[in-house]
Amino acid sequence: MNDISHDCRHDGCGACCRNGACSGCRGTIMLLKEEIELLQRFAVTPFLPVVRQWDSDTPIYLEENANLELKMSQSIAGLQQKQLIRVDYDYPLSNFDYEIYGNYPIHGSMALTAKGQQVLELLEIYGIEE
């Protein structure tokens, strides 16, 4: 695991301050290697395709290596839980060929949240502590 840290700015962003009082936590977010790699994909491509089955909430993103499907699904779920990305099945990507996702009937998209964008910027500025 890697953590992304930044000093508390006391600006009420919610990362480390509660009701105007700093808890001194430094706003650390723990990220897995695969989550960081997926975040970095969003730095290059702001919207990525995501699909799922009718009877499952498991997000699927197929990349060059289909053998990584489970790890990628876990990374999507982890980033979504940390509120760094938004997954939306109501908005599939326009002009995107979902043909490689033929077995998945529900098409959507995913993108960084404002918090995710901030974490990406912090990654670029401060790097990663392992």
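Structure: see above.
Residues numbered from 1 in each chain as written. Predicted model: local features only at pLDDT ≥ 70, side-chain atom pairs only at ≥ 80, totals over all residues. Heavy atoms only, no water.

Asks: Please clarify how the sheet that holds strand E7 (residues 106-112) should be interpreted in this entry.
Replies: The strands making up a sheet associate through hydrogen bonds between their backbones, and the pairing can be parallel or antiparallel. Here we have 3 strands laid out as an open sheet, ordered E5-E7-E6, and antiparallel in their pairing. Looking at the sheet topology across the chains shown, the edges are occupied by strand E5 (47-52) and strand E6 (85-88). Across the sheet, the mean angle separating the axes of adjacent strands is 30 degrees when strand polarity is ignored. Where E5 lies against E7, 6 bridges are found, and the strand directions are antiparallel. For arginine 52, the partnering residue across the bridge sits in E7 and is isoleucine 106. Contacts from helix H1 (residues 33-44) reach E5, E6 and E7, with the element oriented near 85 degrees to E7. Helix H2 (residues 69-81) contacts E5, E6 and E7 of the sheet and is inclined by roughly 115 degrees relative to E6. (Pairing = 2+ DSSP bridges. Helix = DSSP H or I, 4+ residues; strand = E, 2+ residues; numbered from the N terminus. Axes fitted to C-alpha atoms, helices over the stretch in contact; angles between N-to-C directions. Contact = heavy atoms within 4.5 Å.)

Asks: Sorry, what's going on with the pattern of salt bridges here?
Replies: Oppositely charged side chains can pair when the atoms bearing their charge come close. Applying the stated criterion to the full structure yields 4 salt bridges. A salt bridge links glutamate 35 to lysine 82; its shortest N-O distance comes to 2.7 Å. Here glutamate 35, found in helix H1, pairs with lysine 82, found in the loop between H2 and E6; they are 47 residues apart in sequence, far enough to count as distant. Under the relative-accessibility criterion, lysine 82 is labelled partly exposed at 25%. (Salt bridge = Lys/Arg side-chain N within 4 Å of Asp/Glu carboxyl O. Buried < 20%, exposed > 50% of the residue type's maximum accessible area, 1.4 Å probe, protein only.)

This is a description of form; function is not addressed.
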